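Structural overview for review
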Amino acid sequence: MTTIGIPKGLFYFEHHLLWESFFYNLGCDVEVSDDTNKEILDCGVKYCSNETCLPVKVFHGHAYSLKDRVDYIFIPRYTSVDKNEYTCPKFCGLPDMTLLNLKRQFKVLEVKINMDAKPEETLKSLQEIATALKINYPDVVEAFKAALETYNNNKRNTGISEAHLNSNIAQTAISLLGHPYMIYDSYLNMKLIDKLKARNITVFTPRDINHETKRKNAYPFEGKIFWDVGFDLLGSAFTFASSPGIKGMIYLTPFACGVDAFVLEFIERRLKEQYNTPLLKLTIDEHTGEAGFDTRLEAFLDMIG
Ligand code: SF4
């Protein structure tokens, strides 16, 4: 049986159900890399240039950790997941970048997702998967459709609207903003969510707000071509900022993220001009020490009471 490795980084945190279901539907074994740890981080740092953002470095470490255990490593090529919405360029080149930086030590399978400009690319890449795995093309398309349905059913009805946000806040609450591969990777975020929960603080993240609300509140970018993650973060920040129950906002940003350099600046300015929400910006790189991180967090939490 063919074994497909899925690195637990970047796209994994939002789309793992889709891709795991897809390969299970094809009759493959799926091996997901371990949770991020020091070895994985150090390996990613070793194989990437200094200027690479932290999550991409970590992704390389995950891919490397799988290379001797699987037949193929799956790295999708996300260009656009919706109309007028584009991914960060590093997602567009992820299969090539990972393969080249890791010296072609494994075989890659990819599916292209380019919903704004070339949705037909997905079907073409499914044809390539059919050839590589020696499976009939119609069966691969069926497996993909079924996986998409599983994913959509699971995602449906997740997140609440603005109107429901405040009625869901019962105790001290803060919003945690950042890319999913930062705020849900407990090694990279130094167990931030656990630390907040241990202090009886309710944590809201972009996942808690529904898609429509985030797009509506991503002023002034709604309806224009823009980064999908930028829409999510701007829309979430301004939704949370309008909610009196949210006492503060923490933005967790990885070192060298081009998207955050722009989005975070815009959020900071607007929070200052229009809202009273305190904001703590925590930048993480491979050298960040937990003691300094915790000190800043404690000081912020003391300030917001
Ligand atoms: S959005 Fe930022 S953190 Fe994510 S891959 Fe792009 S540069 Fe890296």
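Per an unreviewed UniProt entry, the chain carries the name DUF2229 domain-containing protein and comes from Acetivibrio mesophilus.

Here N50 is to be found in the loop between α2 (38-47) and α3 (54-66). With relative accessibility at 60%, the residue N50 sits in the exposed group.

Each strand in a sheet pairs with its neighbour through backbone hydrogen bonds, running either in the same direction (parallel) or in the opposite one (antiparallel). Pairing is parallel in the open sheet, where four strands are placed in the order β9-β8-β11-β12. A single partner strand is all that each edge strand has here, and the edge strands are β9 (202-204) and β12 (279-284). Strand-to-strand, the axes of this sheet are offset by a mean angle of 25°, without reference to chain direction. Pairing between strand β8 (residues 173-177) and β9: three bridges, direction parallel. Following the sheet pairing, I174 is matched in β9 by V203. Most of the contacts of helix α14 (residues 290-304) go to β12, to which it runs at about 170°, and overall it touches β8, β11 (246-254) and β12.

The next point concerns the nonpolar core. Among the nonpolar cores identified, the biggest contains 97 residues, and W19, F22, F23 and I250 are the most heavily contacted of them. No other element matches the eight residues that helix α12 (residues 228-241) contributes to this core. Residue assignment places this core across two domains, with domain 1 (3-155) and domain 2 (162-304) each supplying three or more. Setting aside chain neighbours within four positions, we find W19 in contact with I6, F11, F74, P76, Y78, V111, I113 and F144.

Let's shift gears to the site of the ligand. For the ligand, the full set of nearby residues is C53, P55, V56, C88, K90, F91, H179, Y181, P254, C257, G258 and V259. Elements that contribute at least two residues to the shell around the ligand include exactly α3, α4 (89-92) and α13 (258-274). Residues belonging to the shell around the ligand are distributed by class as follows: nine nonpolar, two polar and one charged. Both domain 1 (3-155) and domain 2 (162-304) contribute no fewer than three residues apiece to the shell around the ligand.

Right, let's get into α2. A turn of α-helix holds 3.6 residues, and therefore any two residues three or four places apart point the same way. For α2, the set of buried residues is I40, L41, C43, G44 and Y47. Viewed end-on, α2 has its buried residues packed into an arc of 165°, placing them on one side of the element. Projecting away from the buried face of α2 at angles above 90 degrees are the exposed residues K38, E39 and K46. Its side-chain oxygen at 3.1 Å from the backbone nitrogen of E39, N37 defines the N-terminal cap of α2.

With that settled, consider the environment of I40. Its place among the elements puts I40 in helix α2. By relative accessible area, which is 6% here, I40 ends up buried. Along the primary structure I40 and L264 are separated by 224 residues, whereas in three dimensions their C-alpha atoms are 28 Å apart. Every residue in contact with I40, bar those within four places of it in the chain, is listed here: D34, D35, V58, G61, H62 and S65.

The next subject is the domain arrangement of the chain. Taken domain by domain, the chain consists of domain 1 (3-155) and domain 2 (162-304). Between domain 1 and domain 2, the contact holds 24 residues from the first and 25 residues from the second. Interface area for domain 1 against domain 2, summed over the two sides, is near 2000 Å², with a carbon-plus-sulfur share of 62%. Of all residues in domain 1, the largest losses of buried area upon contact with domain 2 belong to F13, L54 and E85, amounting jointly to 29% of the total for that side.

Below, the discussion takes up the pairing of strand β1 (residues 3-6). The alternating pattern of β1 places T3 and G5 and I4 and I6 on opposite faces, both of which are buried. As defined by bridge partners, β1 adjoins strand β2 (residues 29-32) across four bridges and the pair is classed as parallel. Paired with I6 across the strands is V32, a residue of β2. A crossover links β1 with its parallel partner β2, the connecting element being helix α1 (residues 12-25), and its sense is right-handed. Where β1 lies against strand β3 (residues 72-74), two bridges are found, and the strand directions are parallel. When the bridges of β3 are listed, I4 appears paired with Y72.

Calculation notes
Residues numbered from 1 in each chain as written. Predicted model: local features only at pLDDT ≥ 70, side-chain atom pairs only at ≥ 80, totals over all residues. Heavy atoms only, no water. Helix = DSSP H or I, 4+ residues; strand = E, 2+ residues; numbered from the N terminus. Buried < 20%, exposed > 50% of the residue type's maximum accessible area, 1.4 Å probe, protein only. Pairing = 2+ DSSP bridges. Axes fitted to C-alpha atoms, helices over the stretch in contact; angles between N-to-C directions. Contact = heavy atoms within 4.5 Å. Core = buried A, V, L, I, M, F, W, Y, C linked by side-chain atoms within 4.5 Å. Domains from an automatic or database assignment. Near = heavy atom within 4 Å. Nonpolar A, V, L, I, M, F, W, Y, C, P; charged D, E, K, R; others polar. Arc of directions from axis to C-beta. Polar contact = N/O pair within 3.5 Å; in protein donor to acceptor, adjacent residues only side chain to side chain. Buried area = accessible area lost by both parts, 1.4 Å probe. Right-handed = clockwise from strand over helix to strand, strands pointing away.

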